[in-house]
Amino acid sequence: MPENEKAKVPETIQGAKLADVAPIPNPAKTKTAVISDIIEIPTPAKRPLKCYAFDPSQGTYFGNEMTLRVKYEKLLPGPIGERIAVIDYDGQNKSFYKPVDLDDPSLLIGCGLSPSQSDPRFHQQMVYAVVSETIQNFEAALGRRIRWRLDERVPDAQGVIARGPRPGDIKRLNLYPHAMLSANAAYSPAAKGILFGYFRASSVNPGRNIPGQTVFTCLSHDIIVHETTHAILDGIRTYFSERTSPDVAAFHEAFADIAALFRHFSHKEALLDTIQKTGGKLYQYQLQPDALVTEGKPTIQAQQPKDNPLVGLAQQFGEARGSGKALRSALSELPDPKKIKDPSLEPHERGAILVSAVFDAYFTVYLRQTADLFRVFQAGGGNTETRELSGPMADLLAKAASKTANILFKICVRAIDYCPAVDITFGEYLRALITSDRDNHPSDPLGIRDALMQAFRLRGILPEDAQYLSEDSLCWSVLPKDSLPVFENLIFGDPNGLTREEKNHNGNLLRRYAIANASKLGFSDGPFISIPSFHPAFRLAPDGSVRIDMVVEMAQAVDVPYDPKQPDLGTFPMRSGSTLLISKPPLKDGNYGPGQIRYLIRKRLEGPYGERRQQRQREFNLREGLLEGNDPKRFELDFNMLHSGF
Amino acid sequence: MTTRKTTKSAGKRKTVAKKAPRAKAGRAEARTSAKGLKIRMYRVGFGDFFLVTVPTRSGNQYILIDCGVFKGTSGTGDIGSIVEAVEDMYKTTKGRLALVIMTHRHADHIAGFSKAERFKDFTAGMVWMPYWEQFNDAKDSPHNLQFDIQELAHNLAMQFGARKDEAAKEALAQLANATGVEDFSAAATGKKKGGGNAKALDLLKNHLGANGKKVRYYAANDKPELPPELKGLSAKILGPPPKKAKAFMALTDLKKGVGQYLDSMTEDKDGPKALQPFPNEWLADLESDYPHQEVVDPVIDYEQVKKNVEASQPDMLAAAASKIETFLNNQSLVVLFEFGGKKLLFAGDAQAGNWEYWLYKGDGPEKDPTKAGAMVDASKELLQTIDFYKVGHHGSTNATPIQAVEAAVSRAKSSKGFVSMCSTEYGVYGNRDKGTEVPRDPLMKALGDGCSLIRSDSFPIDITSPKKKTIKPAKGVNTKLPKPKVGKLSKAKLYIEYSF
């Protein structure tokens, strides 16, 4: 860079001289300088980048190539940006691949490289684009900037909590598009990023792949979104990656699948195509073929029925592994209230129950919302039994489907802020869903909450301690005023985040508060209470006002013996945790009042409920073989080993 | 079965009655006294070799439960006494075994059948094997479950080739235990692929089991068939869990996962080589192609990146090996014998998934969430009334659930207690610092506090082959035999025996 600097320096000096020495400059000489000074070229808001809408196996079918418009930032070759960096290191072959420079003018003008399986630079571009898009979607839903996982701030031997970064902090998430030879992709806190694998397609039944071809998980839009969601969730909820019950790992998986599946419904071409081929019944597992089979078996490809791409997840991956179908599906599960009770379900299987509950609710709301459209359409002589939906009708349906998907996705994401801090169960997630939606949208004209409750009920997902299956009973109760002190000086800050000083201030304040009110907050006196996260959230209320909340996680770890009568046999860490929603009251008499806890969602270790939790966790540890050894790492969710899927 | 009318028949009891003849005897099926019932644990190293003497009316009958040994991770598991121990058993039994039980097909439970030529002279009334063992028909049959495992284990072991790390060592040991192949590199060059386990299984099924005619396969809740000579003894099968599609699915998944990995390797003259996804032209020069780490804020430490990615490579091989290990252990046949009012529990190497089935009626959790994790009353009662327990999986934590120990040792003060035998060899597996040592100290302590526990490695043993030496007892182990409240323990050159 020295060359450039040299070139720059004299220019500025010259400019200064001109201004000082010659008050009336030569117009011909200064014209360009003046214009560029006054009318600055605006920084672009978005950077268009091409990528696959699904994965390479879909070919160019209904616009499988799409252009994502992601938030613009200056990029170094990699691409390396502020919060994510693509570093193409192959751990199996121990080599780096050439990085793409997305700021190269010829790529800037062409929306990046065109989709290609054989050019690793396109792979890097796609991973960058899709991860950026996912972050954007989550930030829009949460109403705040997300951050990645940070190490827990625990006091050292002297009881002091050291300032500054910790070794495990993830400042920037690294994305490794070709990290490993494995039919797998995984978010790994240890590698501070996401590892994407590549592998050979099955030689026997590779679906639409060539037998033995190399399949890249980093080219599957679904897989990228899924893994990014793991990373985002891990940043929001530190202890959701601690294995404490069968639900925890399953929840991580289900949530990641939900995020990946809802994204499908924002894809207009795919949506329109599916609506046409299902007569508007988006939830059908198979699409009608383009051409009808007149007699016997299909003879041309247009007569082959295709799977509905909207409800299937990771088509190419699933096919390449020889299953002949998508890896997972939004609606693979028939509602069976007994299945959830089986403790031996593998996390993805268990997660699939939650996924299908959410999508059951989604399709129910979609049908409710479009019922009138169908009525009008039929009254006008339209036939919904055939695929021949008129263009405008299909368009309206697509809009409704995409809008509903957006709403449901937001509900699912916002509910995270209303979940307990530790040991999440599906039933508690339902409570969080209902509470958060009622909190944000008191009136529910689409009947979303009812649809969710019924869908969960049909699958036997019920909160342990709710009395009735009704909104009132499922909602966490609002904390009565005066039951806990207010927060006098809590800084809610700015939607773009808190400054370092503000964070330190809030951290200290919250820690002091936790100690002073330990038992009311659901903790025992004595052991350290950590504050793994506090996030201000800015959300638009239905009346157009901005609602400001601070979401705080608190947790306390206690070592519990495997067997209270045989403490020598070892212990396992159990946590009590609480989520606090502190709201900033509206302006009154020219002042803001103190922050008030609206919701306190506790998960205790004491009392009959706590005992039950302990017992459950013991049993879980036994089943999972977590009794062996004393390595605390064994309780952490290993996304890489979690099944051979992703 | 016919019920005997006569209650006294002195002549039939001659082998048992050394002292005064019993005043009364029960009906033929249900004996009221267990006098003369013996359980013998041979010290063979890391492996199970148990001989039960059943004093039936027609004389002593013998049940052999497993006969195996394995060198383990340390390579010291096989102390070299098994052939001699089989000879000893031949002398005791005159080569006639009423029943042979193979709990599962791990070398540490069956190697003796291939190592000791003497087995050719044995005959058996019946052979029991776990349910899963029948899915081993032939190469191309759909029921070739066990064959698949064998094949998978072999392929995996080959891939480990040059690896020398701890995880690889452990995984190789697990695979060797599963196949009975002690040296995979030698097996690769040789023609034979079967390994010691194949030979042992052949002997069990074809020689002792008379080409399958005398072989019975059982899973939990099956009513087992006892050979007629064991009249008076009853048996209950508690494990393995009965066939569930899920278990098969798990194996199919495993095969797919491992298969994918194996598919992606290509054979090179230097051994297996990984698939390279892009031609060499795409390889980057870190210095010139990537932004210098100083330019990036926050900086990127590329060396650290390399380390992180390499450390995160999934150890598919090790994971698969350990899955196979658990899969086989959980096939273990768990048998409860009852004779003369005494209950003997032999748990094989059953791990959580197997125990869970009968301990918690594991098909689903309790409807009442307050009872989640609670043991089924019947199982609790059973554990509190057993008189003998064969410690599962050589004393590792994963094989004797703490709740089970807890239930077994928490008995009424008036209880006569029970005896546990743990066949194990110290220092063969695991690491004390990591809390994974086998046998696990705290478990041994908990059991030892609650019952009379004897370990097979608690007494010295003189070995003559391959060379003369004395194998010492494990350090810190009580070498004195405990005094059980019922019956007595005695020591011989090669074994410890518990007699009622």
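Residues numbered from 1 in each chain as written. Chains lettered and ligands numbered in written order. Predicted model: local features only at pLDDT ≥ 70, side-chain atom pairs only at ≥ 80, totals over all residues. Heavy atoms only, no water.

Quick word on the nonpolar core
All names here are of chain A. Note the following rule: Here, nonpolar core means buried Ala, Val, Leu, Ile, Met, Phe, Trp, Tyr and Cys residues that are tied together by side-chain atoms lying within 4.5 Å of each other. Accessible area is worked out with a 1.4 Å probe on protein chains only. A residue is then buried under 20% of its type maximum, exposed over 50%, and partly exposed in between. In DSSP terms, a helix is any run of H or I states spanning at least four residues, a strand is any run of E spanning at least two, and both are numbered starting from the N terminus. Contact between two residues is taken to exist if any of their heavy atoms lie within 4.5 Å; hydrogens are not considered.
Core analysis: the largest hydrophobic core is formed by 130 residues, its most contacted members being Phe251, Phe262, Leu282, Phe359, Tyr362 and Tyr429. With 13 residues, helix α9 (residues 347-379) is the largest single contributor of residues to this core. Once you skip the residues sitting within four places of it in the chain, Phe262 turns out to touch Val358, Phe359, Tyr362, Ala405, Leu408, Phe409 and Cys412.

Here we look at the pattern of salt bridges
Residue and element names in this part refer to chain A. Formally: Any carboxyl oxygen of Asp or Glu that lies within 4 Å of a side-chain nitrogen of Lys or Arg is treated as forming a salt bridge with it.
Tallying each qualifying case throughout the model produces 49 salt bridges over all chains. The shortest N-O distance in the salt bridge between Arg47 and Asp103 comes to 2.8 Å. One end of the pair, Arg47, is in strand β1 (residues 46-52); the other, Asp103, is in the loop between β5 (95-96) and α3 (105-109), with 56 residues separating them in the sequence. In this structure, Arg47 and Asp103 share a single accessibility class: buried. Ionic pairing is found between Arg547 and Asp439, a salt bridge with its closest N-O pair at 3.9 Å. Of the two residues, Arg547 is situated in strand β15 (residues 546-561) and Asp439 in helix α11 (residues 426-440); the sequence distance between them amounts to 108 residues. Taken together, the salt bridges that share partners define one network made up of Arg144, Asp417, Asp439, Arg539, Arg547, Asp549 and Arg598.

Quick word on the pairing of strand β11 (residues 342-346) of chain B
Residues and elements named next belong to chain B. Selection rule: Strand pairing is assigned whenever DSSP detects at least two bridges linking the two strands.
Counting buried positions along β11 yields 5 of 5 residues, so the element is predominantly enclosed. Side chains Lys342, Leu344 and Phe346 project from β11 onto one buried face, and the interleaved Lys343 and Leu345 project onto a second face that is buried too. Taking the residues that link successive antiparallel strands as the turn, the strand β10 (residues 334-339)-β11 hairpin has 2 residues, and the phi of Gly340 there is positive, at about 55°. In this sheet, strand β12 (residues 388-390) lies alongside β11 in parallel orientation, the contact comprising 3 bridges. Across the sheet, residue Leu344 finds its bridge partner in β12, namely Phe388.

Looking at the sheet that holds strand β5 (residues 123-130) of chain B
All names here are of chain B. Cut-off, in case you're wondering: Every axis corresponds to a line fitted to the C-alpha atoms, with the helix fit spanning only the stretch in contact, and the corresponding angles, defined between N-to-C directions, vary from 0 to 180 degrees.
Taken together, the 8 strands give an open sheet; going across it, the order is β6-β5-β4-β3-β2-β1-β18-β17, and neighbouring strands pair in mixed fashion. With one partner strand each, in any of the chains shown, β6 (215-218) and β17 (488-491) form the two edges of the open sheet. With direction set aside, neighbouring strand axes in the sheet form an average angle of 20°. Pairing of strand β1 (residues 38-42) with strand β18 (residues 495-499), which is carried by 5 bridges, proceeds in the antiparallel orientation. Note that in β18 the partner of Tyr42 across the bridge is Tyr495. Contacting β3 (59-67) and β4 (96-101), helix α2 (residues 107-115) crosses the sheet at an angle of about 115° to β3.

Comments concerning helix α6 (residues 195-208) of chain B
Stated precisely, the cut-off is as follows: Between the first and last residue of a helix there are one fewer steps than residues, each counted as 1.5 Å, and that sum is the expected span.
Relative to the 20 Å expected for 14 residues at 1.5 Å per residue, α6(B) spans 19 Å between its end C-alpha atoms, a close match to the ideal helical length. Here the buried face of α6(B) lies against β4, α2, β5, α4 (166-179) and β6 of chain B.

Notes on the packing of helix α4 (residues 120-142) of chain A against helix α5 (residues 221-236) of chain A
Residues and elements named next belong to chain A. Note the threshold: Any angle that falls under 35 degrees is termed roughly parallel, while one over 145 is termed roughly antiparallel, one within 65 to 115 roughly perpendicular, and all others oblique. Left-handed describes a crossing whose near helix is turned anticlockwise from the far helix through less than a right angle; right-handed describes the clockwise counterpart. Residues are grouped as follows: Ala, Val, Leu, Ile, Met, Phe, Trp, Tyr, Cys and Pro are nonpolar; Asp, Glu, Lys and Arg are charged; every other residue, Gly included, is polar.
α5 packs onto α4 with a crossing angle of 45° between their chain directions and a minimal axis gap of 9 Å. Taken as axis vectors, α4 and α5 run oblique relative to one another. As α4 packs across α5, the resulting crossing turns out to be right-handed. Contact residues: Met126, Val127, Val130, Val131, Glu133, Thr134, Ile135, Phe138 and Leu142 in α4; His221, Ile224, Val225, Thr228, Thr229, Ile232 and Ile236 in α5. Of the residues that constitute the contact of α4 with α5, the class distribution is 11 nonpolar, 4 polar and 1 charged.

What about the packing of aromatic side chains?
Residues and elements named next belong to chain A. Going by this rule: Stacked, tilted and edge-to-face are the three classes assigned to paired rings of Phe, Tyr and Trp, where Trp is represented by its six-membered ring and a pair needs centres within 6.5 Å; plane angles under 30 degrees give stacked, over 60 edge-to-face, the rest tilted. By the criterion adopted, a ring carries a charge over it if an Arg CZ or a Lys NZ lies within 6 Å of its centre and within 35 degrees of its normal.
Inspection of every chain in the model, using the stated rule, returns 35 aromatic pairs over all chains. Each ring, one from Tyr89 and one from Phe96, has its centre 4.7 Å from the other, and the planes form 50°; the classification is tilted. Comparing Tyr89 with Phe96 shows no difference in burial state: the two are buried. A connected cluster of aromatic rings, assembled from ring pairs, spans Phe138, Phe240, Phe251, Phe255, Phe409 and Tyr429. Lying over the aromatic face of Tyr592, Lys584 brings its terminal NZ or CZ to 4.3 Å of the ring centre.

The analysis is restricted to geometry; functional conclusions fall outside its scope.
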